[in-house]
Amino acid sequence: MSCHAFIRFAQVVSVFKILAFNAVTVFYFPLGNSMNFCKIFLFILCLVASCCQKALASDYDAELKRINDAMQLVDKKMSVALSANDTNQVRDLAHKNVHLIYAKGALTASYADFKRAEVAIEEALNHYPTSQDLYMLRANFNFKMHRLTAAERDLHKLDNVADGLEIRSLWADLDFQRGKYQEAEIRYKNILEDFDVWDAKARLAYYQLKTGHPDQALASYNNASDQLSAKEMRFFAWVELQKGLIDFEYGRYSEALAHYLQADREYSGYWQIEEHIAEVLNVLGRTRESIALYKKIIKKTNDPEFMGALAVILEKRHDKSAASYFQAADRGYAEQLALFPEAVSGHIINYWLAKQEPDTRLIEFALQNHRLRPNSESSLLLLKAYMKLGQKEL
């Protein structure tokens, strides 16, 4: 039994302890009349239901709640610090608040949350323009939004502390995204020589996979997961998910599903894991299960990527509801494009490629995406775009 499974088991046992205690209370003490019995019994049912809900809440929901609770606590402390004119405490709380807002965006991948993170980072930098911590955070944010030039500018502001793991890792990631594979490989390997940590091994694994070495990638991911503890279950689940993606990419769909399900057991309720489960279920012919899961994910995230994926499945089944999901996806992508066009370009290109009738802007977007990130992935998307629209000249 894994550490995570044991914790789940302990939570369920605690629920049944509460149930047993209250059952003894009901049947041992005099009840007076049947009406009192009904009231007490309904009270116990509500109590048990509440305990079950708390004990069996998904890991994703629990982490999201921890972040939200921490943000509220920071707000309260900030009010006290401002009243006391404690500038050091105000500065520390401001930095912590920005990191929490960014962490929420990274967890939900909601563009609205990302926008809140961007605003918070800029406001914090206006107050603390020499903060290296904030420039590092903004560099990570810009990289996540595929604004590579902006990320590079922020990294140059940190040249005096350029030997740190986080800075060196981001420079390597920038090289990789720009198609500078030899430079990226050297950076990843040098980082691993200096920092024997799971994150460095996972980055090298991703590089190995994308450059055609899946066996090496799997070995590196295994080495990465070996270094993770029971306190890092989301990261453990992420590594397990990557192993599944290797199997999926090479057509081993049942094996991919096994990895995805293991990841879901280790960190439950995470939309990023669930979306891949839904994808592989459809490939395996378990389409009804895939549709149901996509609907659950859409309810949780309201992400147009999953609306589009579901619409494509429904369209192939000649389901009339496909049209409404296509319309919802189009609206969602339009909203995302207005916020972070660089970040959404690859997703919308894949969406248009999957549709029977792609958008006429497909090649325009594929060219922009390739100029932004001139790597093998963007090159393949550009090739697919030309082929989709029947244009042979590159």
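Now for a look at the structure at hand. Small disclaimer: the values here were computed from a predicted structure and weren't measured.

Topic: helix α14 (residues 271–283)
No. 1: Its 13 residues give α14 an end-to-end C-alpha distance of 18 Å, which sits within 8% of 18 Å, the value for a rise of 1.5 Å per residue.
No. 2: Every buried residue of α14 is accounted for by W271, I273, E274, E275, H276, I277, A278, V280 and L281.
No. 3: On its buried face, α14 sits against α3 (59–83), α4 (87–108), α12 (233–249), α13 (253–266), α15 (287–301) and α16 (304–316).

Comments concerning α15
No. 1: Look at α15: 21 Å from first C-alpha to last across 15 residues, which is about the 21 Å you get at 1.5 Å a residue.
No. 2: By the burial criterion, the buried members of α15 are T287, S290, I291, L293, Y294, I297, I298 and T301.
No. 3: Here the buried face of α15 lies against α14, α16 and α17 (322–339).
No. 4: Positive backbone phi, at 55 degrees, marks N302, one or two positions downstream of α15.

Some words on a nonpolar patch on the surface
No. 1: The grouping of Y253, V283 and L284 at the surface amounts to a nonpolar patch, some 210 Å² of accessible area in total.
No. 2: The topology assignment puts Y253 in helix α13.

A closer look at the pattern of salt bridges
No. 1: This model, assessed by the stated rule, comprises 23 salt bridges.
No. 2: The closest approach of N and O atoms between R168 and D194, which form a salt bridge, is 2.9 Å. Taken together, the positions of R168 in helix α8 (residues 165–177) and D194 in helix α9 (residues 181–194) put the pair 26 residues apart, joining distant regions of the chain.
No. 3: Its relative accessible area of 48% is what places D194 among the partly exposed residues.
No. 4: The salt bridge partner of E249 is K210, with a shortest N-O separation of 3.9 Å. Of this pair, E249 sits in helix α12 while K210 sits in helix α10 (residues 198–210), placing them 39 residues apart in sequence.
No. 5: With a relative accessible area of 45%, E249 lands in the partly exposed category.

A short note on the environment of V119
No. 1: Note that V119 resides in helix α5 (residues 111–127).
No. 2: Assessed through its relative accessible area of 40%, V119 is described here as partly exposed.
No. 3: Distance from V119 to V98, taken between C-alpha atoms, is 9.3 Å for residues 21 residues apart in sequence.

Cut-offs used in this document
Residues numbered from 1 in each chain as written. Predicted model: local features only at pLDDT ≥ 70, side-chain atom pairs only at ≥ 80, totals over all residues. Heavy atoms only, no water. Helix = DSSP H or I, 4+ residues; strand = E, 2+ residues; numbered from the N terminus. Expected span 1.5 Å × (residues − 1). Buried < 20%, exposed > 50% of the residue type's maximum accessible area, 1.4 Å probe, protein only. Contact = heavy atoms within 4.5 Å. Patch = residues over 30% accessible without salt bridge, like charges linked within 9 Å, V, L, I, M, F, W, Y side chains within 5 Å. Areas by Shrake-Rupley, 256 points an atom, 1.4 Å probe, with all protein chains shown as cover. Salt bridge = Lys/Arg side-chain N within 4 Å of Asp/Glu carboxyl O.

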